[in-house]
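# Descriptive analysis of the structure
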Amino acid sequence: MIDISAEKNTLYEILLTTTNKDQSYNTKPFGITITDEDKIHITIFPNRTLKNIQRNPEILIQFTQDALTYTKSALSKLESDDYIDSDMKILKKTDYVIKAKVVDIKEEQIHDQFSRTMKAQIMCEIEDIQKLHDKIPTLSRPTAQIIEHLVKYSRVKFMNIDEKKAFLSEIDESASLINRQGNEDHKEALKLIHDALESRI
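Summary of the structure given here. (Residues numbered from 1 in each chain as written. Predicted model: local features only at pLDDT ≥ 70, side-chain atom pairs only at ≥ 80, totals over all residues. Heavy atoms only, no water.)

This part takes up helix α4 (residues 161-181). A rise of 1.5 Å per residue sets the reference length of α4, with its 21 residues, at 30 Å; its end C-alpha atoms lie 31 Å apart and thus fit the reference within 8%. The largest bend along α4 reaches roughly 30 degrees and is located at S174. All of the buried residues in α4 are K164, F167, L168, I171, S174, L177 and I178. Next to the buried residues of α4 lie α3 (141-153) and α5 (184-198). With a side-chain oxygen lying 3.1 Å from the backbone nitrogen of D162, the N-terminal cap of α4 falls on N160. (Helix = DSSP H or I, 4+ residues; strand = E, 2+ residues; numbered from the N terminus. Expected span 1.5 Å × (residues − 1). Bend = angle between axes of the 7 residues up to and from the residue. Buried < 20%, exposed > 50% of the residue type's maximum accessible area, 1.4 Å probe, protein only. Contact = heavy atoms within 4.5 Å. Polar contact = N/O pair within 3.5 Å; in protein donor to acceptor, adjacent residues only side chain to side chain.)

See the structure below:
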């Protein structure tokens, strides 16, 4: 097994691939924590990913530093050209792929400023790690900004109209950083987030 040198109990932003009911694949961004040498913890709120895991415990965890890939996965805009395989499972911009199996799911009720809902604490065991690219693990400021916007966008359905407008202003303000320090993929990612949010106002 390849060692990815990940620090324990540190939250990593990844892309989680699960199997849909029709045997196609669903890839969405999540945060994971490596709790032991072969254990991974994921917190998931009720969505298709959780339903898929409850039906099929086999998952893929994809590590990538590509901001556009993160954005397209969050907004359900991944296309066949984004994948290295014909069954649309592993992404071209993935650096490492972890094959894992969910071994425990604990559900709990939560109440925060947005809503009262349930979340699931998922524990997985690592089965295999595949290294696809040799890349220096860095996180640029534009990529960090895109990920921050995506995390906030994941809660947009709980925002009122004023909060959505304020969020849109934040995105517009970050354009100067993206245009100055980012590449074309960062710019496209920011536009996708902007347009997706604008369509919901």
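One number sums up the size of the largest pocket: a volume of about 1100 Å³. Mapped by element, the contributors of at least two residues to the lining of the largest pocket are β1 (11-19), β2 (25-36), β3 (39-44), α1 (48-55), α2 (67-74) and α3. The element that contributes the greatest number of residues to the lining of the largest pocket is β2, accounting for five residues. A per-class count over the lining of the largest pocket returns 14 nonpolar, nine polar and seven charged. (1 Å grid on protein atoms, 1.4 Å probe; cavity = no way out; pocket = protein on both sides within 12 Å on 5 of 7 lines; lining within 4 Å. Points joined across faces, edges and corners; volume = space filled by probe spheres on them. Nonpolar A, V, L, I, M, F, W, Y, C, P; charged D, E, K, R; others polar.)

To continue, consider the packing of α2 against α3. The interhelical angle for the contact between α2 and α3, taken along N-to-C directions, is 10 degrees, at an axis separation of 9 Å. Between α2 and α3, the angle is such that the two are roughly parallel. Between α2, through A67, Y70, T71 and A74, and α3, the contact on the second element is made entirely by T143, I146, I147 and L150. Classifying every residue of the contact of α2 with α3 gives six nonpolar, two polar and no charged. (Axes fitted to C-alpha atoms, helices over the stretch in contact; angles between N-to-C directions. Parallel < 35°, antiparallel > 145°, perpendicular 65-115°, else oblique.)

Just geometry here; none of it tells us what the structure is for.
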